[in-house]
Amino acid sequence: MNQTHPLRLHTLLGDHPTTLALKRGEVLSPHVAFDFADVKVPNTAFKRAVRDIEFDVSELAIVTFLMAKAHGKPLTLLPAVVVARFQHPYLVYNAERGPLVPGDLAGRRVGIRSYSVTTAMWIRGILADDYGVDLDKVKWITFEEAHVAEYRDPPTVERAPAGSDAMSMLLEGRLDAAVLAAPSTDPRIRTLIPDPAAAARAWHKRNQALQINHMVVVKESLSRSDPRAVREIYRLLLESKRAAPAAGEIDTTPFGIEANRRNLEVAIDYVHRQKLIPRAFSVDELFEDVADLLGG
């Protein structure tokens, strides 16, 4: 790192409470500077992050990272969560077409953005572990391909017609249920998991983990050529988090390897059991390039 001219880093980072101080320039460094990509919704650029390795620093979905690592993509994970949430409320159905509960999903059509989307991964794991759903008996209807080009969907996946969307298909009865990106205000739309808030609390207590959505990665070449820059990136992300309003009862953006160990163990287990990656990584494998640098 040059002390006079900071290293400029092409960066993909969303506007989250914990990143706003950094993005607004309220958290600065003489050593590194961020050129933020003009991308309003980061997940729309995740393909660029893993296929073209376009960004020096990038927010990335945890499933996308694990799949990218399995296919040898040169990215290094930082133990920095920028988005996590409990996914239970995002699986919904059209109540006008009659009641539906998780145990009814065998043989039904469930819409998801893509099979490898992180929210869909968590919901499939919840359905399998907590409600006994045989995931192979559900017909998964997708609207996009995976971010990682090498991945091929399982035979239980069908692509929706071009130009269609999950909400319209749900209301028209062409889907029995769907995973939405955000809660719906349509009175016809109900959550499939009864009392999703209580179910989320029970899941958290039982698993002692968060359901991580997005963490931060850097180019592997940067972590090897300029480890001090990576340490500075992590420091700035942490300072930006500390500048955010106080978290609620649960810190949903934990930093640090040990703070995320259990979260990642559960995520890796779900991803591996759903055959999105060929083997289960250890948590320490994910951070072997940065553990010493960041002090574990």
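Note that the structure is predicted; figures quoted are calculated from it, not measured. (Residues numbered from 1 in each chain as written. Predicted model: local features only at pLDDT ≥ 70, side-chain atom pairs only at ≥ 80, totals over all residues. Heavy atoms only, no water.)

> What is the right way to read helix 6 (residues 196–207) from this model?
Spacing of three or four residues puts side chains on the same side of an α-helix, whose turn is 3.6 residues. In this model, helix 6 (12 residues) spans 16 Å end to end at C-alpha, consistent with the 16 Å of a helix rising 1.5 Å per residue. When we look at burial in helix 6, the residues that qualify are P196, A199, A200, W203 and N207. All buried residues of helix 6 lie within an arc of 100° about the axis, which places them on one face of the element. Set apart from the buried face of helix 6 by more than 90 degrees, the exposed residues are R201 and K205. Where the residues of helix 6 are buried, they touch helix 4 (118–131), strand 10 (189–191) and helix 9 (257–273). Backbone geometry just downstream of helix 6 places Q208 in the positive-phi region, at approximately 55°. (Helix = DSSP H or I, 4+ residues; strand = E, 2+ residues; numbered from the N terminus. Expected span 1.5 Å × (residues − 1). Buried < 20%, exposed > 50% of the residue type's maximum accessible area, 1.4 Å probe, protein only. Arc of directions from axis to C-beta. Contact = heavy atoms within 4.5 Å.)

> Explain the pattern of salt bridges here, please?
If charged atoms from side chains of opposite charge come close, those side chains can pair. Taken as a whole and assessed by the stated rule, the structure comprises 24 salt bridges. Of the charged contacts in the structure, one is a salt bridge between K219 and D56, with a shortest N-O distance of 3.6 Å. Taken together, the residues K219 in strand 11 (residues 212–219) and D56 in the loop between helix 2 (46–51) and strand 3 (57–61) connect sequence positions 163 residues apart. A salt bridge links E220 to R224, with the shortest nitrogen-to-oxygen separation between them at 3.4 Å. (Salt bridge = Lys/Arg side-chain N within 4 Å of Asp/Glu carboxyl O.)

> I keep staring at the pairing of strand 7 (residues 139–142) and nothing clicks. Help me out?
Side chains on a regular strand alternate between the two faces of the sheet. Two strands pair when backbone bridges link them, and strand 6 (residues 109–112) and strand 7 are joined in this way by 4 bridges, in the parallel orientation. Bridge pairing in strand 7 places V110 opposite W140. Between the parallel pair strand 6 and strand 7, the chain is carried across by helix 4, and the sense of this crossover is right-handed. With 3 bridges connecting them, strand 7 and strand 8 (residues 157–159) associate as parallel partners. Counted as the bridge partner of W140 is V157 from strand 8. (Pairing = 2+ DSSP bridges. Right-handed = clockwise from strand over helix to strand, strands pointing away.)

> Hey, could you run me through the packing of aromatic side chains in this one?
Aromatic ring pairs are reported here in terms of the distance separating the ring centres and the angle at which the planes meet. One pass over the structure, following the stated rule, counts 7 aromatic pairs. Ring centres of Y115 and W140 lie 6.5 Å apart, and the angle between their planes is 75°; this geometry places the pair in the edge-to-face category. Residue Y115 is found in the loop between strand 6 and helix 4, and its partner W140 is found in strand 7; the two are separated by 25 residues along the sequence. Of the two residues, Y115 and W140, both sit in the buried class. Ring centres of W203 and Y270 lie 6.5 Å apart, and the angle between their planes is 85°; on these two criteria the pair is classed as edge-to-face. (Phe/Tyr/Trp six-rings, centres within 6.5 Å; stacked < 30°, edge-to-face > 60°.)

> Teacher, can you tell me more about the sheet that holds strand 6 here?
Strand pairs in the sheet, formed through backbone hydrogen bonds, run parallel or antiparallel to each other. Judged by pairing direction, the sheet is mixed, and its 6 strands sit side by side in the order 8-7-6-9-5-10 without closing on themselves. In this open sheet, the two strands that pair with only one neighbour each are strand 8 and strand 10. With direction set aside, neighbouring strand axes in the sheet form an average angle of 30°. Inspection of the sheet shows strand 6 paired to strand 9 (residues 177–179) by 2 bridges, in the parallel sense. The residue of strand 9 that forms the bridge with G111 is A178. (Axes fitted to C-alpha atoms, helices over the stretch in contact; angles between N-to-C directions.)

> Would you take a moment to explain the side chain of T118 for this structure?
Within the secondary structure, T118 is located in helix 4. Residue T118 is classed as buried on the basis of its relative accessible area of 4%. Not counting residues up to four positions away in its chain, the partners in contact with T118 are A61, I62, V63, I212 and N213.

> What exactly am I supposed to notice about the sheet that holds strand 1 (residues 7–12) here?
Here we have 5 strands laid out as an open sheet, ordered 2-1-3-11-4, and mixed in their pairing. At either end of the open sheet lies a strand with only one pairing partner, and these are strand 2 (32–36) and strand 4 (75–84). Looking at each pair of strands side by side, their axes are set apart by 30° on average, direction ignored. Pairing geometry for strand 3 and strand 11, over 5 bridges, is antiparallel. Looking at strand 11, one finds that A61 is bridged to H214. Packing of helix 3 (residues 62–70) onto the sheet brings it into contact with strand 3, strand 4 and strand 11, and relative to strand 3 it is tilted by some 105°.

> Help me understand helix 9 in this model?
For helix 9, spanning 17 residues, the distance from its first C-alpha to its last is 23 Å, which sits close to the expected 24 Å at 1.5 Å a residue. Of all the bends in helix 9, the largest measures some 35° and sits at N263. Taken together, the buried positions of helix 9 are occupied by I257, N260, N263, L264, V266, A267, I268, Y270 and V271. Where helix 9 is buried, its residues meet helix 3, strand 4, helix 4, helix 6, strand 11 and helix 10 (283–286). (Bend = angle between axes of the 7 residues up to and from the residue.)

> Just checking my understanding: could you explain the environment of H88 for this structure?
Tracing the sequence through the fold places H88 in the loop between strand 4 and strand 5 (91–94). Between the alpha carbons of H88 and V39 there is a distance of 27 Å; along the sequence they are 49 residues apart. Beyond its immediate stretch of four places on either side in the chain, H88 contacts I126, I193, P196, A199, A200, W203 and Q211.

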